[in-house]
Amino acid sequence: MAPAYGCCPRGGPALPTSGGRKEQRCETAARAGQRRRPAAGGAAAGGRGCTARPAEEAAASRAGCWSRCAGMACGFLLEIRRGTQSALLVIREASLRNLPADISVAPGRLEVRSGAACEAAALPPGVSLAPSSCRGLRRLPGDGLHLRLQLRDAPSAPELVYNVRESLKPQKNYVFYCQSCGNVVVKERKFLRVLPLPSENWSALVEEWCCHPNPFARSTLLPQHGDCFLGDTFLLLNSRNQSYVPESPKCSSETEHHASQNDSTLKSKENTRVICERCKSTLGETVSSDTVKYYVTEVIIWPSEESFSTLPRSQFIQSVVAQCLAELSSAKSTFRFTIKGDDGRIYILIWLLNSDTLLVESSGSSSSHSVFTLFGDNFMHSCGPSGMWNAVKVLYQPCIKNRNKDLADAWENDFGVHPLKFPSETCLELLLMLSLSTASLPPSLQRMNSFQFTWFLSSKGNTNKNSFKLG
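A.B. asks: Would you explain the pairing of strand β7 (residues 109-114) in this entry?
C.D. replies: Where a strand is regular, its side chains alternate between the two sheet faces. For β7, the buried fraction is high: six of the six residues fall into the buried class. Here β7 shows no split at all, with Arg109, Glu111 and Arg113 on one side and Leu110, Val112 and Ser114 on the other all buried. By the bridge criterion, six bridges tie strand β6 (residues 101-106) to β7 in an arrangement that is antiparallel. Bridged to alanine 106 within β7 is arginine 109. Relative to strand β8 (residues 117-122), β7 is paired through six bridges, and the arrangement is antiparallel. Within β8, the position partnered with valine 112 by the bridge is glutamate 119. Between β7 and β8, which pair antiparallel in sequence order, lie two residues; one of them, glycine 115, sits at a positive phi of approximately 65°.

A.B. asks: How should the sheet that holds strand β12 (residues 184-190) be read in this particular structure?
C.D. replies: Remark on secondary structure: sheet strands pair via backbone hydrogen bonds, oriented parallel or antiparallel. The three strands are arranged β12-β11-β19 in an open sheet whose pairing can be described as antiparallel. Here the strands that pair on one side only, and so sit at the sheet edges, are β12 and β19 (299-303). Direction aside, the axes of adjacent strands within the sheet are offset by 20° on average. Two strands pair when backbone bridges link them, and strand β11 (residues 173-178) and β19 are joined in this way by five bridges, in the antiparallel orientation.

A.B. asks: Where do I start with unusual backbone geometry in this structure?
C.D. replies: Generally, phi is negative for residues other than glycine and the peptide bonds are trans, each holding for most cases. Phi at asparagine 402 takes a positive value of approximately 65°, unusual for a residue other than glycine. Within the secondary structure, asparagine 402 sits in the loop between β22 (386-398) and α8 (405-412). Taking the relative accessible area as the measure of exposure, asparagine 402 reaches 62% and is therefore exposed.

A.B. asks: Would you explain the pattern of salt bridges in this entry?
C.D. replies: Between side chains of opposite charge, pairing is possible as soon as their charged atoms come close. Enumeration over the complete set of coordinates arrives at 14 salt bridges. Here glutamate 79 and lysine 393 are joined by a salt bridge, their closest N and O atoms 3.0 Å apart. Taken together, the residues glutamate 79 in strand β4 (residues 75-81) and lysine 393 in strand β22 connect sequence positions 314 residues apart. With a closest N to O distance of 2.1 Å, arginine 113 and glutamate 111 form a salt bridge. Judged by relative accessible area, glutamate 111 falls into the buried class, the value being 0%. Connected through shared salt-bridge partners, Asp102, Glu111 and Arg113 make up one network.

A.B. asks: For this particular structure, what's the right way to read the packing of aromatic side chains?
C.D. replies: Centre-to-centre distance and the angle between the planes together describe a pair of aromatic rings. Taken as a whole and assessed by the stated rule, the structure comprises eight aromatic pairs. On the numbers, 6.1 Å between centres and 85° between planes, the contact of tryptophan 351 with phenylalanine 451 is edge-to-face. One end of the pair, tryptophan 351, is in strand β21 (residues 346-363); the other, phenylalanine 451, is in strand β25 (residues 451-460), with 100 residues separating them in the sequence. Given the relative accessible area of 9%, phenylalanine 451 is considered buried. By the ring-pair criterion, three or more aromatic residues cluster together here, those being Phe176, Phe191 and Tyr294. We note lysine 293 situated over the ring of phenylalanine 234; from NZ or CZ to the ring centre the distance is 4.6 Å. Seen from the ring of tryptophan 351, arginine 336 lies directly overhead, with NZ or CZ sitting 5.7 Å from the centre.

A.B. asks: Can you walk me through the pairing of strand β5 (residues 86-92) in this structure?
C.D. replies: By the criterion of burial, β5 is predominantly enclosed, with seven of the seven residues buried. Of the two faces of β5, the one holding Ser86, Leu88, Val90 and Arg92 and the one holding Ala87, Leu89 and Ile91 are both buried throughout. Note: β4 against β5, six bridges, orientation antiparallel. By the bridge assignment, glutamate 79 is partnered in β5 with leucine 88. Linking β4 back to β5 in an antiparallel pair, the connection comprises four residues, with glutamine 85 at a positive phi of about 55°. Of the pairings in the sheet, the one linking β5 to strand β10 (residues 144-153) comprises seven bridges and is antiparallel in character. Opposite leucine 88, over in β10, you have arginine 148 as the bridge partner.

Parameters and conventions
Residues numbered from 1 in each chain as written. Predicted model: local features only at pLDDT ≥ 70, side-chain atom pairs only at ≥ 80, totals over all residues. Heavy atoms only, no water. Buried < 20%, exposed > 50% of the residue type's maximum accessible area, 1.4 Å probe, protein only. Helix = DSSP H or I, 4+ residues; strand = E, 2+ residues; numbered from the N terminus. Pairing = 2+ DSSP bridges. Axes fitted to C-alpha atoms, helices over the stretch in contact; angles between N-to-C directions. Salt bridge = Lys/Arg side-chain N within 4 Å of Asp/Glu carboxyl O. Phe/Tyr/Trp six-rings, centres within 6.5 Å; stacked < 30°, edge-to-face > 60°. Lys NZ or Arg CZ within 6 Å of the ring centre and 35° of its normal.

If you want it as structure tokens, here you go:
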């Protein structure tokens, strides 16, 4: 087994204790302005637990201390990169009551001893750290302690929480539900064909493909009876013989107002909007007399033979948007996206950094937890004191009220930027989720240059067989 290590508080070299120990554990003393030095017998000066002693004594001491910490949960955030098998660990400031503090890192457990307080947290099954790889220890006021480690093991990436493209199959019966309220939108429906649509700008490239006039100039790709066409953020259905179609109100007061301004385009748009008859949420729009477009953020498509269950709105939207970002970046090698509303306005600019992140967060004990958690109440409620989620890492800029207008205009005219269109209300919801998520992070992680930083949580990082998945 590897020896125990004492780490310097400002990223200094690790100091192996003389004689070592027969357990793989990293114990760190974080002392403001003081570097640790090896003391007689191999212990770090002022530290506790880095002495060279028999394995039996060390194990007994560890068990005793961990039992004393059982009543207090340690608040931390662990970002794992599967591609590099590395991790960033942030021990939240609230868990560090007094300095000096001893931080013990075992392969599957964290422990913080600060003054008379002792807090501990077990890592989720499948996550195993390499304690001897601890490096880059630093304390940032308002954040807590940051350190980097390598992994022994991390769970493989599970299936996405909700994946319409992979799960919607022909010759199977499905029911469409409103995601917001669970109302039935389309009763039992079987598709003969489920086909992906080309990119939204495909017609602009036809002249490059053909040596004769554009054969598609006067035609559009619309589904026939029994067809379902899948776009990046929507699906098209043929509404003939449909069991139920939500109401499509004219919104008379708004229509009259815009008509008085000769805004016929917006008037027509309001007339084609499809809304849920129960909660009045926007579900999509009518494209033609027999074609309806539904946005993937607004409907849940469920096999008719299975019992239906919903997800919290925030969790659902983040999962769907994360899925879009990951799939498009992989298929089209694009990493910049604009989030546009159905009113044509740009609401958010998103820059995807990576999609192989696994996040582990512990909210800590109630007495030490004074900040929002990244996962929020809806996420943590089903995960217990700690949660583990797969995530995509993004930078973003809000563009409402003419903020970042010049940058938004530049991105809109850049062929390397891919637009994603959702209902305007959903764009505002998404921006609020991003802002709350960013506010929950340690201050040093909230911004990168002029962009704000956060994660989209895409799916639960566990082996629960009852996860929300079609098919």
